[in-house]
Amino acid sequence: MSEERFVDLEIKLTHQEQKLEELHHVLYEQQKTIDKLETLLQGLTSRLKEVLGAEGDEIRGNEKPPHY
């Protein structure tokens, strides 16, 4: 293998390693955001259930209003 080809391969490998590290960082930050949003959603769901009361009311989806 020629020296020039070897150097080119090393450069490509270095760039790939750098991109992989950048992707890892982005993925890590996204997972932190997802974790925060899940915690927030759990808290909001709990609070909504408290507001609705303990009479057995359920959180309803996209129901049509009674006037339909």
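See the structure shown above.
Residues numbered from 1 in each chain as written. Predicted model: local features only at pLDDT ≥ 70, side-chain atom pairs only at ≥ 80, totals over all residues. Heavy atoms only, no water.

## A few points about the overall build of the chain
Tallying secondary structure elements over the chain gives one helix and zero strands in all. A buried classification covers 0% of the 68 residues belonging to the chain. When the accessible surface of the chain is split by element, carbon and sulfur atoms take 56% of a total near 7,000 Å². (Helix = DSSP H or I, 4+ residues; strand = E, 2+ residues; numbered from the N terminus. Buried < 20%, exposed > 50% of the residue type's maximum accessible area, 1.4 Å probe, protein only. Areas by Shrake-Rupley, 256 points an atom, 1.4 Å probe, with all protein chains shown as cover.)

## Points about the pattern of salt bridges
All told, the structure shown has two salt bridges when counted by the stated rule. Two residues, Lys-19 and Glu-22, come together in a salt bridge whose shortest N-O distance is 3.6 Å. Of this pair, Lys-19 and Glu-22 both sit in helix α1 (residues 3-52), three residues apart, roughly one helical turn. The residue Lys-32 makes a salt bridge to Glu-29 at a minimum N-O spacing of 3.7 Å. One end of the pair, Lys-32, and the other, Glu-29, are both in helix α1, three residues apart, so they sit about a helical turn from each other. (Salt bridge = Lys/Arg side-chain N within 4 Å of Asp/Glu carboxyl O.)

## Some points on α1
Each turn of an α-helix holds 3.6 residues, which means side chains three or four residues apart point in the same direction. Relative to the 74 Å expected for 50 residues at 1.5 Å per residue, α1 spans 73 Å between its end C-alpha atoms, a close match to the ideal helical length. Phi for Gly-53, located one or two positions after α1, is positive at around 95 degrees. (Expected span 1.5 Å × (residues − 1).)

## Brief notes about a nonpolar patch on the surface
A surface patch of nonpolar side chains, about 340 Å² in accessible area, is lined by Met-1, Phe-6 and Leu-9. With respect to the helices, strands and loops of the structure, Phe-6 is situated in helix α1. Assessed through its relative accessible area of 40%, Phe-6 is described here as partly exposed. (Patch = residues over 30% accessible without salt bridge, like charges linked within 9 Å, V, L, I, M, F, W, Y side chains within 5 Å.)

Function-wise, these values are silent; they only describe arrangement.
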